[in-house]
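Below, each chain spelled out in residue letters.
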Amino acid sequence: MTVQFDRIALIGIGLIGSSIAHDIRRLGLAKEVVIATRSADTLKRAEELQLGDRYTTSSAEAVKDADLVIVSVPVGASESVAKEIAGSLKPGAIVTDVGSTKASVIAQMQPHMPPHVHFIPGHPLAGTEKSGPDAGFPGLFEGRWCIFTPVAGTDATALKTLRQFWEAFGSKVDEMDAEHHDKVLAIVSHLPHIIAYNIVGTADDLEAVTESEVIKYSASGFRDFTRLAASDPTMWRDVCLHNKDAILEMLARFSEDLAYLQRAIRWGEGDKIFDLFTRTRSIRRSIIQAGQDVDAPDFGRPHPLEKNT
Ligand code: NAP
């Protein structure tokens, strides 16, 4: 059975908030959607895109009488939003978020949540490198995971309701504790982004080649890193600062493994290099088998002559 809320408040209406808004409308999951964002420009754009029914720059105003509140702001802004909405939350409301780090969001938000609301931290593992209200689209969460990291004593009925909400989007829901989430995400998401930012930054530092060869020959591999490295700087700065311990642990392991590869290259140890590259190739196959990507070569990019075959 699909859930329906009388009023949903969306705090933050960028890529994730607006994608949620599209799906709520598409699936009829709320009688009324109230949108709040801090800047008048973003609010105006959300209104032009008709993402909700009412619009305000006041988060406190938006959450009044809302049954479900979804906070979709950079993780570093979680505490200020929690403080702003705390006094206006309706008894029995479910308050959730979509932040990419979880222990920090819980530490920032939970102390401000009144006892009469159900605070359930969440994280949909779906997104793109774009940001802002124009970046959202219906179906972003279809077939993707949404992880809840419930705190002790979370009401089972509220948890079930929120699960049904994400499942209505076509998401698969998992639960784990926040520390575990932060470790897992450090390796599957945070480290790849940091490596991408770093490699693109390194290329940019090589000023002699940047303006010509790096761009011209980017299809050799470099451009696949540039997609991740084009992600929102505010969001990713906050992820780095708010999942510091897990990221530093993964970076330490990464550096050790890189040193191993570096040594194998220096000493011409082809077997070691070949074994590693064979192991990693099978990971790609597992991702396709798990339905987390398509089996098209070059990430499904169109190639001009293929159209004629
Ligand atoms: P986004 O497109 O940049 O939108 C950010 C929204 O938060 C905007 O409405 C913005 O308001 C508001 N905001 C920014 N700074 C704020 C602050 N200091 N105080 C209050 N509001 C602020 O971001 P997004 O990609 O939707 O990401 C939102 C959350 O989702 C983040 O926590 C991120 O970690 C998480 N997430 C992102 C992805 C992804 O791929 N992008 C995937 C999963 C989860 P104004 O425009 O009005 O300033």
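Scroll up for the structure.
J.: Describe the overall build of the protein, naming the residues involved and giving the relevant values.
T.: When you go through the protein residue by residue, the secondary structure sums to twelve helices and nine strands. Relative to its length of 309 residues, the protein is compact, with a C-alpha radius of gyration of 21 Å against a globular reference of 19 Å. C-alpha atoms of the protein, sized along the principal axes, occupy 65 × 45 × 40 Å. Burial analysis of the protein (309 residues in total) assigns 40% to the buried set. Taking the contacts inside the protein whose residues are at least 6 apart along the sequence as the reference set, 75% of them involve residues at least 24 apart. Just so you have it, the protein exposes about 17,000 Å², and 54% of that area is on carbon and sulfur atoms. Of the charged side chains in the protein, 33 are positive and 42 negative, and the gap between their average positions amounts to 2 Å.

J.: I'd like a description of the nonpolar core, backed by residues and values.
T.: The tendency in soluble globular proteins is for nonpolar side chains to be buried side by side. Core analysis: the biggest nonpolar cluster contains 35 residues, and Ile8, Leu10, Ile20, Ile24, Phe165 and Trp166 have the highest contact counts within it. When contributions to this core are tallied by element, the ones reaching two or more residues are strand E1 (5-11), helix H1 (15-27), strand E2 (30-36), helix H2 (40-48), strand E4 (68-71), strand E8 (145-148) and helix H6 (156-168). In this structure, Phe165 is in contact with Val3, Phe5, Ile8, Ile20, Ile24, Leu29, Leu68 and Ile70, ignoring residues within four places of it in sequence. Counting 24 residues, the second largest nonpolar core, distinct from the first, contains Ala36, Ile85, Met109 and Ala178.

J.: Any details on the sheet that holds strand E3 (residues 54-56)? Residues and values, ideally.
T.: With parallel pairing, the six strands of this open sheet are ordered in space as E3-E2-E1-E4-E5-E6. Each edge of the open sheet is held by one strand with a lone partner, namely E3 and strand E6 (118-120). Ignoring strand direction, the axes of neighbouring strands in this sheet form an average angle of 20°. Across four bridges, the pairing between E1 and E4 is parallel. What sits directly across from Ile8, in E4, is Leu68.

J.: Residue-level account of the side chain of Thr101, with values.
T.: Mapped onto the elements, Thr101 comes out in the loop between strand E5 (94-97) and helix H5 (103-109). In this view, Thr101 contacts Val75, His181, Asp182, His190, Val239, His242 and Asn243; residues no more than four positions away in its chain are not counted.

J.: Describe the site of the ligand, and please don't skip the residues or the numbers.
T.: The environment of the ligand is formed by 25 residues, the closest being Thr37, Arg38, Thr42, Val73 and Ser100. In this structure, an oxygen atom belonging to the ligand sits 2.8 Å away from a main-chain N or O atom of Leu15. Gly132 is positioned with one of its backbone polar atoms (N or O) 2.8 Å from an oxygen atom of the ligand. Against a free-state accessible area of 900 Å², the protein chains account for coverage of 84% of the ligand. Of all elements in the fold, only H1 and strand E7 (122-124) reach the threshold of two or more residues within the shell around the ligand. Grouping the constituent residues of the shell around the ligand by class yields eleven nonpolar, 13 polar and one charged.

J.: Outline the packing of helix H7 (residues 178-205) against helix H9 (residues 222-229), supporting the account with residue identities and numerical values.
T.: Between H7 and H9, whose axes approach to 8 Å, the crossing angle comes to 115°. In this structure, the crossing between H7 and H9 has a hand that is left-handed. Facing H7, whose interface residues are Pro192, His193, Ile195, Ala196, Tyr197, Ile199, Val200 and Ala203, H9 presents Phe222, Phe225, Thr226, Leu228 and Ala229. Residues of the contact of H7 with H9, tallied by class, amount to eleven nonpolar, two polar and no charged.

J.: Give me unusual backbone geometry: which residues, what numbers.
T.: Phi at Gln50 is positive, roughly 55°, even though this residue is not glycine. Within the secondary structure layout, Gln50 lies in the loop between H2 and E3. Even without being glycine, Asp65 reaches a positive phi, approximately 65°. By secondary structure assignment, the location of Asp65 is in the loop between helix H3 (59-63) and E4.

J.: Give me the lowdown on the packing of aromatic side chains, citing residues and values where you can.
T.: In this structure the tally under the stated criterion is six aromatic pairs. Seen in terms of ring centroids, Phe165 and Phe169 are 4.8 Å apart; in terms of plane orientation they differ by 55°. Their pairing is tilted. Assessed through its relative accessible area of 0%, Phe169 is described here as buried. Seen from their ring centres, Trp166 and Phe169 are 5.3 Å apart, and the 80° between their planes marks the pair as edge-to-face. By relative accessible area, Trp166 is classed as buried at 1%.

Criteria and thresholds
Residues numbered from 1 in each chain as written. Predicted model: local features only at pLDDT ≥ 70, side-chain atom pairs only at ≥ 80, totals over all residues. Heavy atoms only, no water. Helix = DSSP H or I, 4+ residues; strand = E, 2+ residues; numbered from the N terminus. Rg over C-alpha atoms; globule rule 2.2 N^0.38 Å. Buried < 20%, exposed > 50% of the residue type's maximum accessible area, 1.4 Å probe, protein only. Contact = heavy atoms within 4.5 Å. Areas by Shrake-Rupley, 256 points an atom, 1.4 Å probe, with all protein chains shown as cover. Lys, Arg positive; Asp, Glu negative; His and termini not counted. Charge placed at Lys NZ, Arg CZ, Asp CG, Glu CD. Core = buried A, V, L, I, M, F, W, Y, C linked by side-chain atoms within 4.5 Å. Pairing = 2+ DSSP bridges. Axes fitted to C-alpha atoms, helices over the stretch in contact; angles between N-to-C directions. Near = heavy atom within 4 Å. Polar contact = N/O pair within 3.5 Å; in protein donor to acceptor, adjacent residues only side chain to side chain. Nonpolar A, V, L, I, M, F, W, Y, C, P; charged D, E, K, R; others polar. Left-handed = near helix turned anticlockwise from the far one by under 90°. Phe/Tyr/Trp six-rings, centres within 6.5 Å; stacked < 30°, edge-to-face > 60°.

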